[in-house]
Amino acid sequence: MWVTEIFHSIQGESSYAGLPCTFVRLTGCHLRCVYCDTTYAFFGGERMSVEEVLARVGAFWEEVEGMRLVEVTGGEPLLQKDVYPLTERLCDLGYTVLIETSGSLPIWHLDPRVIRIMDLKTPGSGHAHANLWENIEHLRPRDEVKFVLMDRRDFEWACDIIHRYDLTRRAHVLLSPAHGVLDPKTLAEWILHSRLPVRLQIQLHKYIWGANARGV
Ligand code: SF4
């Protein structure tokens, strides 16, 4: 598979934010969201086998006890067929495995032990047409749905989708302001006013290491 980077850092997103986590960033994405902060993962990368990736991940967790968290991300990781044996093997080895996906490809082929963190693309992203709505039927309570919001129109669109699909009963729901575009304080006020049981997510890693840092 093609791998852009493997690194160990603090998880910056999802309900696992703040925990040590190893990230496996696979190369390539078929979308071009206007707020994308990983355009460097669109091309290039290093060709690696599943075993090589497992070895690199394992090196970060020697002698660590307790939960060992790994996130497979991209780009769009579901574009590469080796993501299935990779995530299955990680689960077999006892890792807690997250996958971060755009929501435009089927999530139901993944090993059921994998926790899916799935975007639903808003109109402001430029890719709302790419959402694979069938994925919603395959969400489980431990999965997470993320909306990255550019503006008030995106927020209202997200609220409508949350109500229409009863999303907060299916999975965790995360609302994330596009970094540098939508003020988190404004989004916090909208969420409180909406009375929806959703989680405001800021990208913690950008506040720790800066918005343009890579490999952290
Ligand atoms: S799906 Fe993710 S990696 Fe692909 S363009 Fe959108 S934000 Fe970037």
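Right, let's walk through the structure included here. Given the structure is predicted, the values throughout are model-derived calculations rather than measurements. (Residues numbered from 1 in each chain as written. Predicted model: local features only at pLDDT ≥ 70, side-chain atom pairs only at ≥ 80, totals over all residues.)

**Observations concerning the overall build of the chain**
Inclusion rule: A run of H or I in DSSP becomes a helix once it reaches four residues, and a run of E becomes a strand once it reaches two; helices and strands are each numbered from the N terminus. Throughout, the radius of gyration refers to the C-alpha atoms, and the reference size of a globule is 2.2 Å times the residue count to the power 0.38. Exposure classification rests on a simple neighbour count of other C-beta atoms within 10 Å of a residue's own: a residue reaching 20 or more is buried, one at 12 or fewer is exposed, and one in between is partly exposed. C-beta atoms are placed from the backbone. Contacts here follow a simple rule: the backbone-placed C-beta atoms of the two residues must lie within 7 Å.
Across its full length, the chain carries 6 helices and 9 strands. Relative to a compact globule of 216 residues, whose C-alpha radius of gyration would be 17 Å, the chain shows 17 Å and is just as compact. Its C-alpha atoms give the chain principal-axis dimensions of about 45 × 35 × 35 Å. By the burial criterion, 38% of the 216 residues in the chain qualify as buried. Of the contacts formed within the chain by residues at least 6 apart in sequence, a portion of 68% connects residues at least 24 apart.

**Points about the nonpolar core**
Threshold: Each nonpolar core consists of buried Ala, Val, Leu, Ile, Met, Phe, Trp, Tyr and Cys residues. Their C-beta atoms, within 7 Å, join them into a set.
Ranked by internal contacts, the top residues of the largest apolar core, which has 44 residues, are V24, V70, V72, V97, I99, V145 and L149. The residues contacting L149, other than those within four sequence positions of it, are T122, G124, D154, F155, A158, L175, S176, P177, A178, L182 and L187.

**Digging into the sheet that holds strand β1 (residues 2-10)**
We apply this condition: Two strands form a pair only when DSSP identifies at least two bridges running between them. Every axis in this analysis is a line fitted to C-alpha atoms, fitted for helices over the stretch in contact. Angles between the N-to-C directions lie between 0 and 180 degrees.
Strand order in the open sheet formed by 9 strands is β3-β1-β2-β4-β5-β6-β7-β8-β9, and the pairing between neighbours is mixed. Only two strands of the sheet have a single partner each, and these edge strands are β3 (46-47) and β9 (199-200). One ladder, built from 6 bridges, connects strand β7 (residues 144-149) with strand β8 (residues 172-177); its direction is parallel. Each residue of the ladder has a partner; that of K146, found in β8, is L174. Seen against the sheet, helix α3 (residues 152-164) touches β7 and β8 and runs at an angle of roughly 155° to β7.

**Thoughts on α3**
Rules: Expected helix span is taken as 1.5 Å per residue step, with the number of steps being one fewer than the number of residues. Read the arc as the range of directions from the helix axis to the C-beta atoms.
For α3, with 13 residues, the first-to-last C-alpha span of 18 Å sits near the 18 Å given by 1.5 Å per residue. For α3, the full list of buried residues reads D154, F155, A158 and I162. Angular distribution of buried residues about the axis of α3 spans 100°; they occupy a single face of the element. Exposed side chains of α3 directed beyond 90 degrees from the buried face belong to R153, D160, H163 and R164. Where α3 is buried, its residues contact β7, α4 (167-170), β8 and α5 (184-194).

**A look at the site of the ligand**
Selection rule: Here, nearness means that the C-beta atom of a residue, built from backbone geometry, sits within 6 Å of the molecule or strand in question. When residues are sorted by character, Ala, Val, Leu, Ile, Met, Phe, Trp, Tyr, Cys and Pro go into the nonpolar class, Asp, Glu, Lys and Arg into the charged class, and all the rest, Gly among them, into the polar class.
As a structural note, the neighbourhood of the ligand is formed by C29, L31, R32, C33, C36, T38, G74, G75, E76 and S102. Residues that form the shell around the ligand fall into these classes: 4 nonpolar, 4 polar and 2 charged.

**Some points on the environment of V114**
Considering the arrangement of structural elements, one finds V114 in the loop between β5 (96-101) and β6 (115-119). Overall, the presence of 22 C-beta atoms within 10 Å leaves V114 in the buried class. Sequence-distant contacts of V114, defined by excluding residues within four places in its chain, comprise T87, C91, V97 and I99.

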